[in-house]
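Each chain, letter by letter, is given below.
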Amino acid sequence: MSFNEPFDPFMDHLGIRVVESSPGTVVMTITPGPEHLNLGGIVHGGLLSTLMDSATGWALHTTLPAGSTPPHLAVSYRFLSMAHPATELTATATVLKTGTTIGHVHVEIHDTSNRLIATGETTHAIVALPPR
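Residues numbered from 1 in each chain as written. Predicted model: local features only at pLDDT ≥ 70, side-chain atom pairs only at ≥ 80, totals over all residues. Heavy atoms only, no water.

> Would you take a moment to explain the side chain of D111 for this structure?
Mapping D111 onto the fold places it in strand 6 (residues 102-111). Among the residues examined, D111 registers a relative accessible area of 11% and is labelled buried. In terms of polar contacts, D111 uses its side chain to reach the backbone amide nitrogen of S113, at 2.9 Å. Among the polar contacts listed, one links the side chain of D111 to the side chain of R115, at a separation of 2.8 Å. Those residues in contact with D111 that lie beyond four places of it in its chain are T87, E88, L89 and I117. (Helix = DSSP H or I, 4+ residues; strand = E, 2+ residues; numbered from the N terminus. Buried < 20%, exposed > 50% of the residue type's maximum accessible area, 1.4 Å probe, protein only. Polar contact = N/O pair within 3.5 Å; in protein donor to acceptor, adjacent residues only side chain to side chain. Contact = heavy atoms within 4.5 Å.)

In structure tokens form, the structure reads like this:
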């Protein structure tokens, strides 16, 4: 699997794109449309959470040996500003620490005006993939 152009069906369905990937970091973008809004007409927190979830898992995955995967154990997200439709959002995730069984990642989402929309940290287990 290439980390520069991976296939993740859920990310593909939502329109999340990987624009940069290197060991320990990933940058993802999405341009929210009408289908990503809540009743108030702003970007749904669930989409922001999914973007952060995808970015943190991906960043940690870039540091793992083949045959491993990093399911989330705990997340802490803070929503600081409203995100608006048709405004591209960029999530940047950076691995803080990779151990043999646990990893920690930091993530931030900014809009095109460089406003900080959300930030968070995640903790992941590092486990062997089950045989297919």
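> Would you mind showing me how to read helix 2 (residues 45-61) here?
Side chains three or four residues apart in an α-helix point the same way, a direct result of the helix having 3.6 residues per turn. Taking 1.5 Å of rise per residue, the 17 residues of helix 2 would be expected to cover 24 Å, and the 24 Å separating its terminal C-alpha atoms lies within 8% of that figure. Of all 17 residues in helix 2, 12 are buried; the element is thus mostly enclosed. (Expected span 1.5 Å × (residues − 1).)

> What is the right way to look at the sheet that holds strand 5 (residues 89-98) in this model?
Strand pairing in a sheet relies on backbone hydrogen bonds, with the paired strands running either antiparallel or parallel. With respect to topology, 6 strands assemble into an open sheet ordered 1-2-5-6-7-4, the strand pairing being antiparallel. Of all strands in the sheet, those with a lone pairing partner are strand 1 (17-22) and strand 4 (72-79), marking the two edges. This sheet shows a mean twist of 15 degrees between the axes of neighbouring strands, independent of strand direction. In terms of strand pairing, strand 1 meets strand 2 (residues 25-30) through 5 bridges, oriented antiparallel. Of the residues in strand 2, the one forming a bridge with S21 is V26. (Pairing = 2+ DSSP bridges. Axes fitted to C-alpha atoms, helices over the stretch in contact; angles between N-to-C directions.)

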